Amino acid sequence: MRLYQTGSINPVLIGFRYQRMAYRASFIKNSKHLPQKHGEHKEIICVLCGLVGNKNKYMKKVKLNTWQVALVFKNGAYQRLLTTGTYWFWKKEDIYVYDITKPFVAPVELNILLQDNELAGILQVVEVKDNEIVLHYENGLLKQVLTAGRYTFWKSVIQNEFIRADISQLEISENIDRNTLLNRLVASYVRSVSVENYEKAVLFIDGKFDKVLNSGVYYWWKNNIAVHIAKVDMRQQQLEVNGQEILTKDKAALRINAWAQYKVADIEKALLENKEYDKQLYVAFQLALREYVAGYSFDELLDKKEAIAPFVLQQVKEKVAALGVEVNGFGIRDIILPGDVKEIMNQVLIAEKKAQANSIMRREETASTRSLLNTAKLMEENAMLWKLKEMEYVEKIADKISNISVSGNGMLIEQLKQIFVPQK
């Protein structure tokens, strides 16, 4: 039989076997003075063995505060759990003291410790699978992200909360807000895509089309699932059809620069049913423009250049519908002639302008002559008008003469009168 058993003194052994030894050693005079408190059980053993004076040499004292617990091991085997209080142990017993406000790290296999119902009742075990993460909140604040493994926490004044997430799935179905997803602890497990207000996107999962994404920010778990996003600008866009060298019907080489305005109307047609829809749109405009120019001679083309845009728009209408595109406008910016043709055209233009100038001059001369003829007829019929015309010219001559000297005989006044006074 053992003297110390399950935290209490065996009274039978104390009463019969060791009482005589105690008397002989003169430590205890009678059994009435045997201590009864749990904290003194070790001391009575020391007394009975003659070791009271060397207690600190053979024993150790453990004091546990309210935020602490301890695990007792003897020869490597778990014995029991200790809570708040003061305890004495033999030196050969190992005591592990834990702060219950911090996570618990088991010194041995956890399943062995969990066989103690008392210990299991104050522990919270969290098991995380390979395809999971667990968000650990401490008093409402995100503390850490738990990956695959087994974690143990004390049930204490610290409020531990856990949100389990299956990261093998793409969609984030758990109730996790955006701020948490953007937290530095979680961000490495999340992938995000931003679709601007003027954009749309198509989502491919493992190479298969899934859905159309409207503007917004999207979050998914980062895993082995392949995710591809293709975006399209839904605003009106400008397409330049420049440097098109085309032969007219009469073999005149022209260089034409054109433009077109379009916008994507159906993103699924544009991206899923067509490859590089914008390049196909460019080719459609190019071919329609060449078809029109090649059907007319150079002179006819210059006369009908205003009809180019309506023809091209009509020709590409069916093609752009298949591309998922809506065309809003088309126009010709420049028609550039070859150097020799340009020189000839300039000469023709100069000749035309000279002819127009000569025609205008002849018309002006004819009008002037006709006016002189009319004036002469009027003067011939009216002597007063003739004299007025003479006086007009005399006045013009007098404006250019500063002094006039008149000399003559007594008939000078009479002669001037004959000049300026009409005869009746």
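Position labels on residues start from 1 in each chain and follow its written sequence. Reporting in this predicted model follows two pLDDT cut-offs: at least 70 for local features of residues, and 80 or more for side-chain atom pairs to be given and counted; totals over whole chains, interfaces and linings ignore these cut-offs and use all residues. Computation of side-chain values covers all heavy atoms of the structure but excludes hydrogens and water.

**Section: the environment of Asn111**
Thought 1: Counting from the N terminus, the helices are DSSP H or I runs at least four residues long and the strands are E runs at least two residues long. Note on placement: Asn111 falls in helix H4 (residues 110-113).
Thought 2: Summary of the burial criterion: residues with accessible area below 20% of their type's maximum are buried, those above 50% are exposed, and those between are partly exposed, where the area comes from a 1.4 Å probe applied to protein chains only. Residue Asn111 is classed as partly exposed on the basis of its relative accessible area of 39%.
Thought 3: Think of a polar contact as two N or O atoms within 3.5 Å of one another; within protein, one of them needs to be a possible hydrogen donor and the other a possible acceptor, and neighboring residues in sequence only count if both atoms come from side chains. A polar atom in the side chain of Asn111 sits 3.2 Å from the side chain of Glu109.

**Concerning the pattern of salt bridges**
Thought 1: Here, a salt bridge means any side-chain nitrogen of Lys or Arg that lies within 4 Å of a carboxyl oxygen of Asp or Glu. Inspection of every chain in the model, using the stated rule, returns 7 salt bridges.
Thought 2: As a salt-bridge pair, Arg333 and Glu240 come within 2.8 Å of each other at their nearest N and O atoms. With Arg333 in strand E20 (residues 325-336) and Glu240 in strand E18 (residues 237-247), the pair connects residues that are 93 residues apart, well separated along the chain.
Thought 3: On the accessibility criterion, Arg333 (40% relative accessible area) is partly exposed.
Thought 4: Salt bridges here are not isolated pairs; linked through shared partners, they connect Glu109, Glu127 and Arg150.

**Focus: the packing of aromatic side chains**
Thought 1: Note on aromatic contacts: the rings of Phe and Tyr and the six-membered ring of Trp form a pair at centre separations within 6.5 Å, being stacked when their planes are under 30 degrees apart, edge-to-face when over 60 apart, and tilted otherwise. Applying the stated rule across the entire model yields 12 aromatic pairs.
Thought 2: Ring geometry for Phe285 and Phe330: centres 5.3 Å apart, planes at 5 degrees, overall stacked. In this pair, Phe285 is assigned in helix H8 (residues 277-294) and Phe330 in strand E20, connecting sequence segments 45 residues apart. Side by side, Phe285 and Phe330 carry an identical accessibility label, which is buried.
Thought 3: Centre to centre, the rings of Tyr292 and Phe311 are 5.1 Å apart; their planes meet at 50 degrees, and the pair counts as tilted. Note that Tyr292 is positioned in helix H8 and Phe311 in helix H10 (residues 308-322), a separation of 19 residues in sequence.
Thought 4: A relative accessible area of 25% means that Phe311 is categorised as partly exposed.
Thought 5: An aromatic cluster of at least three residues, connected via ring pairs, comprises Phe73, Tyr78 and Tyr96.

**Some words on unusual backbone geometry**
Thought 1: Even without glycine at this site, Asn75 takes up a positive phi of about 55 degrees.
Thought 2: Assignment of secondary structure puts Asn75 in the loop between strand E4 (68-74) and strand E5 (77-82).
Thought 3: The phi dihedral of Asp206 falls on the positive side, at around 50 degrees, and the residue is not glycine.
Thought 4: Secondary-structure assignment places Asp206 in the loop between strand E14 (199-205) and strand E15 (208-213).

**A closer look at the packing of H8 against H10**
Thought 1: Between N-to-C directions, angles cover 0 to 180 degrees, with each direction set by a line fitted to C-alpha atoms, over the stretch in contact for helices. Where H8 meets H10, the closest approach of the two axes is 9 Å, and the angle between their N-to-C directions is 140 degrees. Classed by the angle they form, the pair H8 and H10 counts as oblique. For the crossing formed where H8 meets H10, the hand is right-handed. Listed contacts from H10 to Gln280, Leu281, Ala284, Phe285, Ala288, Leu289, Glu291 and Tyr292 of H8 are Ile308, Phe311, Val312, Gln315, Val316, Lys319 and Val320.
Thought 2: Of the residues contributing to the contact of H8 with H10, the split by class is 11 nonpolar, 2 polar and 2 charged. These descriptions rest on fixed angle ranges, namely under 35 degrees for roughly parallel, over 145 for roughly antiparallel, 65 to 115 for roughly perpendicular, and the rest for oblique. The sense of a crossing depends on the near helix, which, turned anticlockwise from the far helix by less than a right angle, makes the crossing left-handed and, turned clockwise, makes it right-handed. In what follows, a contact means two residues having at least one pair of non-hydrogen atoms within 4.5 Å. For this scheme, ten residues count as nonpolar: Ala, Val, Leu, Ile, Met, Phe, Trp, Tyr, Cys and Pro. Four count as charged, namely Asp, Glu, Lys and Arg, and the remainder, Gly too, count as polar.

**Digging into the confidence of the model for the chain**
Thought 1: Across the chain, the average pLDDT comes to 81, with 79% of residues at or above 70.
Thought 2: Below a pLDDT of 50 lies the segment residues 1-53, which in the model reaches 62 contacts outside its immediate sequence neighbourhood of four places, other chains included. pLDDT is a residue-level measure of predictor confidence that goes from 0 to 100.

**Focus on a nonpolar patch on the surface**
Thought 1: Only residues whose relative accessible area exceeds 30% and that take part in no salt bridge are eligible for patches, with like-charged residues grouped when within 9 Å of each other and nonpolar side chains (Val, Leu, Ile, Met, Phe, Trp, Tyr) grouped when within 5 Å. Note on areas: these come from Shrake-Rupley sampling with a 1.4 Å probe, and a residue is covered only by the protein chains present in the view. A grouping of Leu378, Met384, Leu385, Leu388 and Met391 is seen on the molecular surface, where their side chains present a nonpolar patch of about 450 Å² in accessible area.
Thought 2: With 4 residues, helix H12 (residues 383-399) is the single largest residue contributor to the nonpolar patch.

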